[in-house]
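# Remarks on the overall topology
Given next are the chains, with one letter for each unit.
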Amino acid sequence: APAQPAPPPARAVPAPLAVVLDNAGGYPQQGLAQATWTAEIPVEGGVTRLLPFFDAEEPREVGPIRSARPYMIYLADDAAAVLVHVGGSPAAQARLAGDGARNLDAMTEGPLFARDPNRGRAPVNTFAAGAALRAAAERYVADEDPRLVAQVRTTAPDGAPSATEVRIDW
């Protein structure tokens, strides 16, 4: 049997921040380039929200931050993330109050968030600094060990065949 390649290297990362962002009227969004990955999630009225996850680096500023829905809470919980939002639907608020989900809500954590008057009116003008959110999230994760995440290999293992073309038929 051929030798098995070495596993990819791993690095420790903090618990992710999952930030609910507007994807309807709050263009341009701030901070998406620093997200490790982003989910696009449907909400009412045929519009979507974005839920970027930040663990490799924090954005200088992130927003416009919007309200949560229950399925966003489940997704953040599955990723062991701290959810960042501005209020939420009645079902989301009940879930957040009922089980102590890890979250930073602008309605209760006011000093972490700011409204940008140059970005229009509420609800599409709430922003926060990534470093401040990370510091506030520490109260949820201070006793946790950092997560180990496998890094992507930038080169092929020794002896791997090379390819000049990749084709995917849909």
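Below is a short write-up of the structure. (Residues numbered from 1 in each chain as written. Predicted model: local features only at pLDDT ≥ 70, side-chain atom pairs only at ≥ 80, totals over all residues. Heavy atoms only, no water.)

## Comments concerning the side chain of Asn23
For Asn23, the position within the fold is in the loop between β3 (21-22) and β4 (37-42). Residues within four places of Asn23 in sequence aside, it is in contact with Gln29, Glu40, Thr48, Arg49 and Leu50. (Helix = DSSP H or I, 4+ residues; strand = E, 2+ residues; numbered from the N terminus. Contact = heavy atoms within 4.5 Å.)

## Overview of a nonpolar patch on the surface
A contiguous nonpolar surface patch, about 510 Å² in accessible area, is contributed by Val166, Ile168 and Trp170. Tracing the backbone through its elements, the reader meets Val166 in the segment after β11 (147-150). Looking at Val166, the relative accessible area reads 70%, which means it is exposed. (Patch = residues over 30% accessible without salt bridge, like charges linked within 9 Å, V, L, I, M, F, W, Y side chains within 5 Å. Areas by Shrake-Rupley, 256 points an atom, 1.4 Å probe, with all protein chains shown as cover. Salt bridge = Lys/Arg side-chain N within 4 Å of Asp/Glu carboxyl O. Buried < 20%, exposed > 50% of the residue type's maximum accessible area, 1.4 Å probe, protein only.)

## Focus: the sheet that holds strand β10 (residues 126-129)
On the basis of which strands lie adjacent, the open sheet formed by three strands has the order β6-β10-β9 and antiparallel pairing. In this open sheet, the two edge strands, each paired with only one partner strand, are β6 (61-62) and β9 (113-115). Running over the sheet, helix α3 (residues 130-141) touches β6, β9 and β10 and is turned about 70° from β10. (Pairing = 2+ DSSP bridges. Axes fitted to C-alpha atoms, helices over the stretch in contact; angles between N-to-C directions.)

## Description of the pairing of β4
Judged from the six bridges that link them, β4 and strand β5 (residues 48-54) form a sheet pairing that is antiparallel. Paired with Trp37 across the two strands is Phe53, which belongs to β5. Where β4 folds back onto β5 in an antiparallel hairpin, the turn is made up of five residues, including Gly45, whose phi is positive at roughly 75°.

## Overview of the pattern of salt bridges
A side chain of one charge can pair with a side chain of the opposite charge if their charged atoms are brought near each other. A full pass over the atoms with the stated rule returns six salt bridges. The residue Asp22 makes a salt bridge to Arg66 at a minimum N-O spacing of 2.5 Å. Of this pair, Asp22 sits in strand β3 while Arg66 sits in the loop between β6 and α1 (70-78), placing them 44 residues apart in sequence. Both residues of the pair, Asp22 and Arg66, count as buried. A salt bridge links Asp169 to Arg167; its shortest N-O distance comes to 2.9 Å.

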